[in-house]
Amino acid sequence: MEFAPDIPRWRQVAEVIRRRIQDGTYPPRTRIPSVVEITAEFGIAAVTAQKVHKGLREEGLIYTEPGLGSFVAERGAQGA
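Computed from a predicted model, the values in this text were never measured in an experiment.

Caption draft 1: Inspection of the overall build of the protein at higher detail. Of the regular secondary structure elements, the protein holds three helices and two strands. Secondary structure elements of the protein occur, N-terminal to C-terminal, as α-α-α-β-β. Compactness check: the protein gives a C-alpha radius of gyration of 12 Å against a globular reference of 12 Å for 80 residues, within 12% of the reference. With 80 residues in all, the protein has 34% of them scored as buried. Here the analysis covers contacts within the protein between residues at least 6 apart in sequence; of these, 47% occur between residues at least 24 apart. Accessible area for the protein stands at about 5000 Å²; split by element, carbon and sulfur atoms hold 53% of it.

Below you can see the structure in the form of structure tokens.
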């Protein structure tokens, strides 16, 4: 992935994951890539990948179950 120099990388990666959620690549209640998987796919640091998860959680797009991973929230739960 080519990163725009003027936008934080975590925001750019979060946008990719957001689009995948919206287009159904990751349907509701299915697991999204872990921090380790995001790090490998996008070539970013683990701290940056953690920011991706945090940002998507704050938007209500995903939720995290400790020990299980992060999952796509139900569409009604998304604050849009």
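So much for the structure itself; the text now carries on.
Caption draft 2: Geometry of the side chain of Arg18. Inspection of the secondary structure puts Arg18 in helix H1 (residues 9-22). For Arg18, a relative accessible area of 16% puts it in the buried group. If near-sequence neighbours (up to four positions away) are discounted, Arg18 is found in contact with Leu56, Glu59 and Leu61.

Caption draft 3: Region of the structure containing the pairing of strand S2 (residues 69-72). When strand S1 (residues 62-65) meets S2, the two strands line up antiparallel, connected through four bridges. Within the sheet, the bridge partner assigned to Tyr63 lies in S2 and is Phe71.

Caption draft 4: Main features of the nonpolar core. Counting 17 residues, the largest nonpolar core has Val13, Ile17 and Phe42 as its most contacted members. Of all the secondary-structure elements, those providing two or more residues to this core are H1, helix H2 (35-42) and helix H3 (46-58). Per element, the largest residue contribution to this core is five residues, and it comes from H1. When near neighbours in sequence (up to four residues on either side) are disregarded, Ile17 contacts Tyr26, Ile32, Phe42, Val52 and Leu56.

Analysis parameters
- Throughout, a residue's number is its position along its own chain's written sequence, starting from 1.
- Where local features are concerned, this predicted model is filtered to residues with pLDDT of at least 70; where side-chain atom pairs are given and counted, the filter is 80 or more; whole-chain, interface and lining totals use all residues.
- The basis for every side-chain value is the complete set of heavy atoms in the structure, and neither hydrogens nor water enter the calculation.
- The way it works is that DSSP assigns letters per residue, a run of H or I at least four long becomes a helix, a run of E at least two long becomes a strand, and they are numbered from the N terminus.
- Atoms considered for the radius of gyration are the C-alpha atoms alone. The globule rule reads 2.2 Å times the number of residues to the power 0.38.
- Relative accessibility decides the category of a residue: with a 1.4 Å probe and only protein chains considered, values under 20% of the type maximum give buried, values over 50% give exposed, and everything between is partly exposed.
- In what follows, a contact means two residues having at least one pair of non-hydrogen atoms within 4.5 Å.
- Note that accessible areas follow from Shrake-Rupley with a 1.4 Å probe, and for residues the cover is restricted to the protein chains shown.
- For two strands to be treated as a pair, DSSP must find no fewer than two bridges joining them.
- Buried Ala, Val, Leu, Ile, Met, Phe, Trp, Tyr and Cys residues that are joined via side-chain atoms within 4.5 Å together make up what is termed a nonpolar core.

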